[in-house]
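Below, each chain spelled out in residue letters.
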Amino acid sequence: PIDEARHAAHRASRRTLDDVRRYNDVSRRVAERFGAACNDLYAAVEARGAAELLGEDGAHFTDEGYAFLAERVVGAVE
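Please read all numbers here as calculations on a predicted model, not as lab measurements.

1. Here we look at the nonpolar core
Here is step 1 of the chain: Of all hydrophobic cores here, the largest spans eight residues; its members are Ala 44, Val 45, Ala 50, Leu 53, Leu 54, Phe 61, Phe 68 and Leu 69.
Here is step 2 of the chain: If you list the elements that add at least two residues to this core, you get α3 (41-48), α4 (50-53) and α5 (63-77).
Here is step 3 of the chain: Those residues in contact with Leu 53, other than ones at most four positions away along the chain, are Val 45, Arg 48, Phe 61, Thr 62, Glu 64, Gly 65 and Phe 68.

Laid out in structure tokens, this is it:
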């Protein structure tokens, strides 16, 4: 996810939350089409609390956020 207010304040890029959602929807459909597993990190971050895990620019993660993502990826791979 992106915190659009923080992201706009830092002018990190032109990416929007809608862009991220569309990208995730397409990747989910491609994974389903080919029978690939999907590790939905977007949903995991939303459930855990994006506001706490996203850094100052609203697009990149804090150290805690990256650790959370790493745990989710390792769990999916295992």
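Anyway, onward from the coordinates.
2. A few points about the packing of α3 against α5
Here is step 1 of the chain: At a minimum axis distance of 11 Å, the contact between α3 and α5 shows a crossing angle of 130°. As far as their axial angle goes, α5 and α3 are oblique. In the crossing of α3 with α5, the sense of the turn from one axis to the other is right-handed. Where α3 abuts α5, its residues Leu 41, Ala 44, Val 45 and Arg 48 lie against Glu 64, Phe 68, Leu 69, Arg 72 and Val 73.
Here is step 2 of the chain: A breakdown of the residues in the contact of α3 with α5 according to their chemical character gives six nonpolar, no polar and three charged.

3. Considerations on a nonpolar patch on the surface
Here is step 1 of the chain: A cluster of nonpolar side chains, Val 26, Val 30 and Phe 34, forms an exposed patch at the surface whose accessible area comes to about 290 Å².
Here is step 2 of the chain: Positionally, Val 30 belongs in helix α2 (residues 17-33).

4. Quick word on the confidence of the model for the chain
Here is step 1 of the chain: Residues at a pLDDT of 70 or more form 99% of the chain, whose mean pLDDT is 92.
Here is step 2 of the chain: Element-level pLDDT for the chain is lowest in helix α1 (residues 4-10), with a mean of 84, against a maximum mean of 97 in α5.

5. Some words on α5
Here is step 1 of the chain: In a regular helix each residue adds 1.5 Å, so 15 residues correspond to 21 Å; α5 covers 21 Å between its end C-alpha atoms and thus fits that length.
Here is step 2 of the chain: Packed against the buried residues of α5 are α3 and α4.

How each quantity is defined
Residues numbered from 1 in each chain as written. Predicted model: local features only at pLDDT ≥ 70, side-chain atom pairs only at ≥ 80, totals over all residues. Heavy atoms only, no water. Core = buried A, V, L, I, M, F, W, Y, C linked by side-chain atoms within 4.5 Å. Buried < 20%, exposed > 50% of the residue type's maximum accessible area, 1.4 Å probe, protein only. Helix = DSSP H or I, 4+ residues; strand = E, 2+ residues; numbered from the N terminus. Contact = heavy atoms within 4.5 Å. Axes fitted to C-alpha atoms, helices over the stretch in contact; angles between N-to-C directions. Parallel < 35°, antiparallel > 145°, perpendicular 65-115°, else oblique. Left-handed = near helix turned anticlockwise from the far one by under 90°. Nonpolar A, V, L, I, M, F, W, Y, C, P; charged D, E, K, R; others polar. Patch = residues over 30% accessible without salt bridge, like charges linked within 9 Å, V, L, I, M, F, W, Y side chains within 5 Å. Areas by Shrake-Rupley, 256 points an atom, 1.4 Å probe, with all protein chains shown as cover. Salt bridge = Lys/Arg side-chain N within 4 Å of Asp/Glu carboxyl O. pLDDT = per-residue confidence, 0-100. Expected span 1.5 Å × (residues − 1).

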